[in-house]
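# Coordinate inspection notes
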Amino acid sequence: MMTRWRKPYKSHLIFDELNEARVVRQEPERAAFSGGALGHALPLLAAALRLHREICPEDKLGVIRSAVFDVANQGPLNDEAFTAQLLRREAEYLARPLKTHVLLTHLHGPRGISESPSLRSRGFRLDFPPRSFIDERARLIERFPRLASVNQDSRLDQAWLRIITKARSAYDAIYRGTYSFDLLRAVWNFCMNHGSGTRMTFGNFYPVNPILRGPILTVHTSKGKLLSELVWYDGDTDYGRIWPARFSTDQEQLLRDNSAWWRKRLSGHPYRRDIQKWLIGYCRALDEPRQRNAFLTLWQAFEGVSGADSSGNTDRSILRTSFLYQDSERQRQELHYLRERRNDVVHTLPVGDTHSDMEEAIYQLKTYVERLLLMHAFHGRRFGSPAGLFELWDQPPDLRTLRERSRLLRRAMRWRAPRET
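Residues numbered from 1 in each chain as written. Predicted model: local features only at pLDDT ≥ 70, side-chain atom pairs only at ≥ 80, totals over all residues. Heavy atoms only, no water.

### Comments concerning the overall build of the chain
Across its full length, the chain carries 14 helices and 10 strands. In the chain, which comprises 421 residues, the proportion classed as buried is 44%. Considering only contacts in the chain between residues 6 or more positions apart, those separated by 24 or more positions represent 74%. Split by element, the accessible area of the chain, about 23,100 Å² in all, is 50% carbon and sulfur. (Helix = DSSP H or I, 4+ residues; strand = E, 2+ residues; numbered from the N terminus. Buried < 20%, exposed > 50% of the residue type's maximum accessible area, 1.4 Å probe, protein only. Contact = heavy atoms within 4.5 Å. Areas by Shrake-Rupley, 256 points an atom, 1.4 Å probe, with all protein chains shown as cover.)

This is the structure in structure tokens:
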């Protein structure tokens with residue numbers, strides 16, 4: 001059975017609310033829910049239920065909604081009937097064939113990026129697509145005036161990007177395609193960001209990442225026809241300056257070598273999916289065009305890669321990260337400062353405002369996240385899971401204390417060893 005209820009949630013409380021709001025229409029005979037009860041319950045059910053990992057978040061809501069109406073049309077909702085219908089709907093979804101989808105967007109970065117063979121990868125085409133794709137996209141965007149402010153099809157510092165993927169639905173294609181491409185883009189940006197010094201921005205803040213994905217994404221068939229009227233866009237995206245420089249030969253080689261290094265490190269890695277998720281979190285945080293969002297999202301990436309507990313207590317994350325440095329006490333102080341900045345942003349800083357030192361804080365935190373990612377890639381294979389590496393980082397940084405613990409452990413092992421009779 002694939003469906004699982006998460007422990008903190010109680011299904012009967014959700015079903016009681018839905019049953020109270022359930023009404024049955026006579027023509028046609030079909031259940032409905034009054035007072036916005038369904039809109040309140042669906043996010044709770046999505047958080048409470050664990051479905052197959054191949055069901056993307058948007059389609060997960062659709063599967064749950066269908067199961068709710070399957071039961072409600074027959075009678076009051078209960079755990080047993082709902083689980084049975086949910087399993088059926090889940091199996092139907094997974095039985096859908098994987099069809100080819102093409103996502104059309106842009107790749108924003110240094111001029112000449114589309115000409116580099118190093119920026120081509122299996123499943124992606126960084127080229128100018130056939131005119132049929134662009135015409136279909138233009139007709140759709142014209143129907144949505146709100147997209148005019150984020151439509152940047154005519155910019156010179158970007159390349160048209162086709163992301164080709166196999167998926168069960170348009171939402172699934174967007175989820176799979178953007179996940180796969182953002183992983184590749186995370187490696188490129190990690191390569192270009194790693195070790196970079198603090199930037200000083202005069203005027204509007206712009207994303208830290210030099211290589212960005214376009215703000216508008218449309219879904220097409222392999223021949224260019226729009227698969228649906230679904231438009232995925234980010235209205236807050238602001239790419240800032242146009243990059244005047246072209247990719248140099250050295251940069252192309254650096255990206256090629258870096259991509260090969262990450263592929264080698266992650267191949268057969270015992271917790272490769274976790275590292276990929278952390279890399280994407282790092283990349284998407286540094287895509288943010290607003291300082292507040294960039295810092296908070298990067299802090300979330302820091303919590304993940306340092307193993308913060310589910311309650312949000314980051315004391316252990318700070319101790320683990322400082323363990324990696326010889327001057328651990330100084331690094332703990334820096335991390336405590338960054339946590340204070342994070343708390344200020346969450347609790348006291350109005351939306352839209354920024355600290356004068358926010359950009360410097362973003363770059364400081366970026367350095368820690370990059371260090372932790374490299375540690376997982378280098379050493380995680382020996383431990384088999386993130387928990388094993390976290391246990392190592394939980395040790396005290398003082399060498400004298402470590403030697404004393406080692407001496408006590410050797411004595412304990414001798415004490416517990418079987419003795420000859």
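### Looking at the pattern of salt bridges
A complete count under the given rule lists 18 salt bridges for this structure. As a salt-bridge pair, Lys366 and Glu370 come within 3.0 Å of each other at their nearest N and O atoms. With Lys366 and Glu370 both in helix H12 (residues 358–383) and 4 residues apart, the pair spans about one turn of that helix. Overall, Glu370 belongs to the buried group, its relative accessible area being 1%. Taken together, the shared-partner salt bridges connect Asp182, Arg185, Arg213, Arg284 and Asp287 into one network. (Salt bridge = Lys/Arg side-chain N within 4 Å of Asp/Glu carboxyl O.)

### Describing helix H2 (residues 37–48)
For H2, built from 12 residues, the straight-helix expectation of 16 Å at 1.5 Å per residue is met to within 8% by its first-to-last C-alpha distance of 16 Å. Listed as buried for H2 are Ala37, Leu38, Ala41, Leu42, Leu45, Ala46 and Ala48. An end-on view of H2 places all buried positions within 160 degrees of arc, on one side of the element. The inward-facing, buried residues of H2 contact strand S1 (4–5), helix H1 (11–21), strand S3 (30–33), strand S4 (49–50) and helix H3 (57–72). (Expected span 1.5 Å × (residues − 1). Arc of directions from axis to C-beta.)

### Looking at helix H10 (residues 315–323)
Here H10 has its buried residues at Ser317, Ile318, Arg320, Thr321 and Ser322. Structurally, H10 contributes buried residues whose contacts are with helix H9 (291–306), helix H11 (328–347), H12 and helix H13 (386–393).

### Comments concerning the nonpolar core
Ranked by internal contacts, the top residues of the largest apolar core, which has 44 residues, are Trp262, Leu279, Phe295, Leu298, Leu338, Ile362 and Leu373. Only helix H6 (170–193), helix H7 (249–266), helix H8 (272–287), H9, H11, H12 and H13 provide two or more residues apiece to this core. Per-element accounting of this core gives the leading share, 12 residues, to H12. Not counting the four nearest positions on each side in its chain, Leu338 is found in contact with Phe295, Trp299, Ala361, Gln364, Leu365 and Tyr368. (Core = buried A, V, L, I, M, F, W, Y, C linked by side-chain atoms within 4.5 Å.)

### Digging into the side chain of Thr314
In this structure, Thr314 sits in the loop between H9 and H10. When neighbours within four sequence positions are excluded, Thr314 is seen to be in contact with Trp299, Glu303, Ala308 and Arg339.

### Here we look at the packing of aromatic side chains
Taken as a whole, this structure holds 14 aromatic pairs when the rule is applied. Look at Tyr325 and Tyr368: their rings are 5.8 Å apart centre to centre, the planes differ by 80 degrees, and that puts the pair in the edge-to-face class. One end of the pair, Tyr325, is in the loop between H10 and H11; the other, Tyr368, is in helix H12, and 43 residues separate them in sequence. The residues Tyr325 and Tyr368 share a single accessibility class, namely buried. (Phe/Tyr/Trp six-rings, centres within 6.5 Å; stacked < 30°, edge-to-face > 60°.)

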